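Structural characterization, general
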Amino acid sequence: MLARARPRLLVPVLAVALAGALGGCSLFDRDKPETPVAQSTGAAGGATQLEIPTTVAAGQVSLLQRLGEDGPMRTLSVERNGAWQCVDCAGDGVTSRGTLAPELTERLQVLLANPRLADETDQARRYRTTCIDALTSSLITSAGLITSQDCPGEELTPVAGEILLLLTQATPAEVKG
């Protein structure tokens, strides 16, 4: 009788061990800095480090774009007052700066304050990327991270889609790869 009990106990014990191991992996992420660092090739051909924000204050937004897994990372940051900075927007390692027109700054602030934006975050939608070698755009807002890909069948979220369109039309960042 005791020999039969062991196999029945083995499955729950393994399940608990697996859950503990998987849960333990997320503990290691707590020690990472809030601003990850990515490698990029500068205009002179040397490697430079880009700081990629993981959170922004209310009224601010960052756009990260990459075509495929190996493409250069384009980083656009927009402040509450409409001042923007774009790192490697043209894929040439150059940093561009400018300011949105007042009406675009006002429109962006209205969109960023829209309460529906919280429902469009990756966490709320349980978003997963589905395409390979597509342009992936990630908006970092105070509501959270909102990712979209330029691939067939993917629908843009209404508010985040408007923000993405506004940013790509008003700055050197591009909506399509």
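As a starting point, this report considers the structure included with it. (Residues numbered from 1 in each chain as written. Predicted model: local features only at pLDDT ≥ 70, side-chain atom pairs only at ≥ 80, totals over all residues. Heavy atoms only, no water.)

1. Description of unusual backbone geometry
Keep this limit in mind: Burial classes: relative accessible area under 20% of the type maximum marks a residue as buried, over 50% as exposed, and values in between as partly exposed (1.4 Å probe, protein chains only).
At Asp-88, a residue that is not glycine, the phi angle is positive and equals roughly 65 degrees. Non-glycine residue Arg-126 carries a positive phi angle of around 55 degrees. Among the residues examined, Arg-126 registers a relative accessible area of 72% and is labelled exposed.

2. Some remarks on the state of the cysteines
To be explicit about the condition: Note on terminology: disulfide denotes any pair of cysteine sulfur atoms within 2.5 Å.
Evaluated as defined, the whole model comprises two disulfides. Between the sulfur of Cys-86 and that of Cys-89 lies a disulfide, 1.3 Å long from S to S. Measuring handedness by torsion sign, the sulfur bridge of Cys-86 and Cys-89 sits at about 60 degrees and is right-handed. Exposure remark for Cys-86: the relative accessible area of 1% places this residue in the buried category.

3. A closer look at the pattern of salt bridges
Quick reminder of the rule: We count a salt bridge whenever a side-chain nitrogen from Lys or Arg sits within 4 Å of a carboxyl oxygen from Asp or Glu. Secondary structure elements are taken from DSSP: a helix is a run of H or I of four residues or more, a strand is a run of E of two residues or more, and numbering for both begins at the N terminus.
Applying the stated criterion across every chain, the model contains two salt bridges. Its salt-bridge partner being Glu-162, residue Arg-107 comes within 2.3 Å of it at the nearest N-O pair. Of this pair, Arg-107 sits in helix H2 (residues 102-112) while Glu-162 sits in helix H4 (residues 158-170), and the two are 55 residues apart along the sequence. With a relative accessible area of 34%, Arg-107 lands in the partly exposed category. Judged by its relative accessible area of 37%, Glu-162 is partly exposed.

4. Quick notes on H4
An α-helical segment advances 3.6 residues per turn. Residues three or four places apart therefore align on the same side. Just so we agree on the cut-off: Expected helix span is given by 1.5 Å per residue-to-residue step, counting one fewer step than there are residues. Residue contacts are counted whenever heavy atoms from the two residues lie within 4.5 Å of one another.
With 13 residues, H4 should cover 18 Å at 1.5 Å per step; its first-to-last C-alpha distance of 18 Å lies within 8% of that length. All buried positions along H4 are accounted for by Val-159, Ala-160, Gly-161, Ile-163, Leu-164, Leu-166, Leu-167 and Thr-168. In this fold, the buried residues of H4 make contact with strand S3 (61-67), strand S4 (74-78), H2, strand S7 (135-141) and strand S8 (144-149).

5. Considerations on H2
Heads up, the condition is: In this description, one arc is meant: the one made by directions from the helix axis to the C-beta atoms.
Along H2, the residues that are buried comprise Thr-105, Leu-108, Gln-109, Leu-111 and Leu-112. For H2, the angular spread of buried residues about the axis comes to 160 degrees, placing them on one side. The exposed residues of H2 that point more than 90 degrees off its buried face are Pro-102, Glu-103 and Glu-106. Taken together, the buried residues of H2 touch S3, S4, S7 and H4.

6. Quick look at the environment of Leu-63
Take Leu-63: it is sitting in strand S3. As a C-alpha pair, Leu-63 and Leu-167 span 104 residues in sequence and 8.2 Å in three-dimensional space. Every residue in contact with Leu-63, bar those within four places of it in the chain, is listed here: Arg-74, Thr-75, Leu-76, Ser-137, Ser-138, Leu-139, Leu-164, Leu-167, Thr-168 and Ala-173.

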